[in-house]
Amino acid sequence: MIQSQSRTASGDRFKIDLPPLARFLICRVIHIFVAIVGATVVLYGIMAMTPAETRAQLYMPPWDSPGGTKNLLQTIIKEQGLDDPLPVQYVRWASRLLQGDWGWSPIMREHVLPAMLRRTPATVELTLYSLLLFIPLGLTSGAIAGWKRRRLPDRGFQLIAFIATSIPPFVLALVLLAIFYVALPWFPPGRNGMAARSILSSSSFRAFTGLVTIDGLLNGRFDVTLDGLRHLVLPVVTLSLSHWATLGRVTRTAMIEELSKDYVNTARGKGLSMREAVWVHALRNAFIPGINSSAVSAASLVTGVFVVEIIFAYPGVSKVIGLAPLNNVTYMGAAVPDMAATMGFALYSILVVLPLMFLLDVLQALIDPRIREGVTE
Amino acid sequence: MKTWLFCWRNVLAVVIVGFFVIVAAAAPLLSPPDDPENPTPFRVLWGNTEPLPLPPNQDAPLGTVVYRGAEELFHFDVFHSLVWGTRAALRFGLVTALVTACFGILVGLTSGYVGGWFNSLAIRVTDVFLAFPMIAGVWLFRQILFDAYDQLHQATWLYVNWDAPDQPIAIVPTLLQRLLMANWLDPLMLTFILFSWMPYARIINAIVLREKQEEYVMAARSLGAGSARIIFRHLLPNVIAPAIVLVARDIGALVILQAAFTFVGINGTMGVQWEIGRWFSPVPEWARLLVMGREWIIGAYGNPFTYWWMYLPATLALILFGVGWNVLGDRLNVILNPRVS
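Here is what the cut-offs are and how they apply
Residues numbered from 1 in each chain as written. Chains lettered and ligands numbered in written order. Predicted model: local features only at pLDDT ≥ 70, side-chain atom pairs only at ≥ 80, totals over all residues. Helix = DSSP H or I, 4+ residues; strand = E, 2+ residues; numbered from the N terminus. Buried ≥ 20, exposed ≤ 12 C-beta atoms within 10 Å, placed from the backbone. Contact = placed C-beta atoms within 7 Å. Axes fitted to C-alpha atoms, helices over the stretch in contact; angles between N-to-C directions. Left-handed = near helix turned anticlockwise from the far one by under 90°. Nonpolar A, V, L, I, M, F, W, Y, C, P; charged D, E, K, R; others polar. Expected span 1.5 Å × (residues − 1). Bend = angle between axes of the 7 residues up to and from the residue. pLDDT = per-residue confidence, 0-100.

### Points about the overall build of chain A
- Across its full length, chain A carries 16 helices and four strands.
- For chain A, with 377 residues in total, the buried portion stands at 40%.
- In chain A, the share of contacts with a sequence separation of at least 24, taken over all contacts with a separation of at least 6, comes to 75%.

Structure representation (structure tokens):
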């Protein structure tokens, strides 16, 4: 007790008077940067467990004819100092990353970072629609199920959620393809149909955002938007279903717990109807565990996106590492190792996940003052 | 115990999981291999040149899947792989989940008990690992494994000594690469262990932080117990319940994730492995069945059920496996954490 008092006293000396939310935000941003540095250290630590020749692939120069380069890896090791102590190597590698040079991929035959940025809009489109689908649906359906506990909506929700979590996503993808692509030709795989692709590449069509559905609206080409949506239905459903079920279940449990608390009774005692007590008072608190669990499992979304993109032949960022995942990638008859694309994808996905976690944390803090004040029970 | 058995869901969970355990144990009886000395998870029906998969018949109770080799095609018995695949699934799930849990619990216990700056450091490290998507790790370790093969066999021009092509450059694989190549470590299993211990650490950490204020810890300390004794004899039994629930759920989830990765073609092992009996690198036969049946699922002119035996049994086995462990986890949760549920 004495210890903690003295600590706050010494902390007060440096305390700047900031609103709690601002302090929370600054704190989280610092955490993000620490996490990025930590993640790159972990990545390079894994690379440190490989021979220098493997690490040398990260510094591959762009080439046209492979036969022209002699003992390439040995030259790179000498030039880039890959025999130096590992911390020195790490700092060099990290500074190179900061300059935007993420390496050159022999499989794609282009630089890794531009290649990934070019494919980003497709993945963003897919992820955005599934987030917009499963977060509101998961929160509301879980809340309703928790409110109507052990009645019809709850039973129905529990059953559907159970089925949704039991079916592996890749099996679901196959079933959906078999029904809605083979049997009923409604939702084809890929990203655009033939007509839409030629409209997209025509000179009159301006790409504002890179998202097909939104660009189509901005250009007044509703057929492009419709075509994009048609291609998005199956991947989005596959991606969302399991996340929806998990989120809904967590929210349901939270809702049940919140409804048993005293403040709901107080609200009822003041004369509020049950509906008002649930939607005005309990709902806010019931959302928090769900958002927290989404933040924790944000990384699994990337894995899910990868599997979905491969199965539905969707040309997103996953193409960078999965150019031909079903066969071995070869170049002139031999397998080509491609460490630059691998490391680039790992880094990229971490840089995507961390801001997502940050956003969900901020959302949590906006809902719950206890979190932004740093109060723990 | 008696009241516990009255709930049908408890019975269901135990029956499903028990079923898989029995099938795994009795695999040699259920589907005797051709060569009992050296059993393989895939049984080839030799002498069949039929290009279409065979429907269920006397030799193969659940039909066959066709695997096209370079020059000839093989018919694999679905039932045989299904039965022997249970072993691989159980083995993979149990080993991975238990190792993960041990590691996570250890991290959570020590960081929570020591507290202070060490705890905040541990939480930061946990957060860093939480940001890693599984796929990035799987692909990274797979590349490292493939690269080791390339280096050893000088399979790509990158590793050829162009100044003197007849004198290969001696590249020594590192310990990690040697373990991967010897099938001692499965890239998938390695990734799953590396990137899924965080929930255990977080949940155990939170409970330990609360629990170490309790009087029994104080009492143990005043009796002269050391830190290790307090952690493992007093704290561990009181905080382990949520971790047990997580383990049960993870076993099913990890096997399904492994199948998903195998299905999209990024299982780290080289080609089709025929050997079994390696504890740390089991071949996921269920997923391999799905891989071999992949082209037949939607390619059969609008009727996905023409060749149902190529994918339905393996899929159902996977789903049942996942459901069984999931329900077991839920029921364990009800028993072990009665307040929450």
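### Digging into the overall build of chain B
- Helices and strands together make up the secondary structure of chain B, namely 14 helices and two strands.
- Per-residue burial for chain B yields a buried fraction of 46% across its 341 residues.
- In chain B, the share of contacts with a sequence separation of at least 24, taken over all contacts with a separation of at least 6, comes to 74%.

### Quick notes on the interface of chain A and chain B
- Opposite the 52 residues of chain A that make contact, chain B presents 50 residues.
- Put simply, the parts of the chain that give the side of chain A that touches chain B at least two residues each are α2 (20–47), α3 (52–56), α4 (72–80), α7 (152–166), α8 (169–183), α14 (298–311), β4 (334–335) and α15 (339–367) of chain A.

### Things to note about the packing of helix α11 (residues 222–259) of chain A against α14(A)
Residues and elements named next belong to chain A.
- Between α11 and α14, the shortest axis-to-axis distance is 10 Å and the interhelical angle comes to 145°. The hand of the α11/α14 crossing is right-handed. Judged by residue contacts, Pro-235, Thr-238 and Leu-239 of α11 engage Gly-304, Val-305 and Val-308 from α14.
- Residues that form the contact of α11 with α14 fall into these classes: four nonpolar, two polar and no charged.

### Structural notes on the environment of A:Glu257
- With respect to the element layout, A:Glu257 can be found in helix α11.
- Separated by 175 residues in the primary sequence, A:Glu257 and A:Leu82 have C-alpha atoms spaced 56 Å apart.

### Thoughts on unusual backbone geometry
Residue and element names in this part refer to chain A.
- In this structure, Arg-109 takes a positive phi of about 55° despite not being glycine.
- Tracing the sequence through the fold places Arg-109 in the loop between β1 (104–105) and β2 (110–111).
- The phi torsion at Arg-150 lies on the positive side, around 60°, for a residue other than glycine.
- Tracing the backbone through its elements, the reader meets Arg-150 in the loop between α6 (112–147) and α7.
- Residue classification places Arg-150 among the exposed positions, given that 9 C-beta atoms sit within 10 Å.

### Re α8(A)
All names here are of chain A.
- Compared with the 21 Å implied by 1.5 Å per residue over 15 residues, the 20 Å span of α8 between its first and last C-alpha is a close match.
- A maximum bend of about 30° is found in α8 at Leu-177.
- The set of residues buried in α8 consists of Pro-169, Phe-170, Val-171, Leu-172, Ala-173, Leu-174, Leu-177 and Ala-178.

### Things to note about the confidence of the model for chain A
All names here are of chain A.
- Residues at a pLDDT of 70 or more form 89% of chain A, whose mean pLDDT is 86.
- Across chain A, the element-wise mean pLDDT spans from 46 in strand β3 (residues 330–331) up to 94 in helix α5 (residues 86–98).
- With pLDDT under 50 throughout, residues 1–10 is counted as low confidence; its partners more than four residues away or in other chains account for zero contacts.
- Across residues 324–334, where pLDDT falls below 50, the model places 18 contacts with residues more than four positions away in sequence or in other chains.

### So, the confidence of the model for chain B
Residues and elements named next belong to chain B.
- In the predicted model, chain B carries a mean pLDDT of 84, and the fraction of residues at 70 or more is 91%.
- Averaged pLDDT values over the elements of chain B bottom out at 70 in helix α1 (residues 2–6) and peak at 93 in helix α4 (residues 78–114).
- Both confidence scores are given for the complex: pTM 0.89, ipTM 0.87.

### Re the packing of α8(A) against α11(A)
Residues and elements named next belong to chain A.
- Contact geometry for α8 and α11: axes closest at 10 Å, N-to-C directions at 145°. Along this stretch, α8 crosses α11, giving a crossing that reads as right-handed. Taken together, the residues of α11 that come into contact with α8 (itself represented by Pro-169, Leu-172, Ala-173, Leu-176, Leu-177 and Phe-180) are Leu-234, Val-237, Thr-238, Leu-241 and Ser-242.
- Split into classes, the residues belonging to the contact of α8 with α11 amount to nine nonpolar, two polar and no charged.

### What to know about the environment of A:Leu351
Residues and elements named next belong to chain A.
- For Leu-351, the location among the structural elements is in helix α15.
- According to the C-beta neighbour criterion, Leu-351 is partly exposed, with 14 such atoms within 10 Å.
- For the pair Leu-351 and Ile-76, spaced 275 residues apart in sequence, the C-alpha separation works out to 27 Å.

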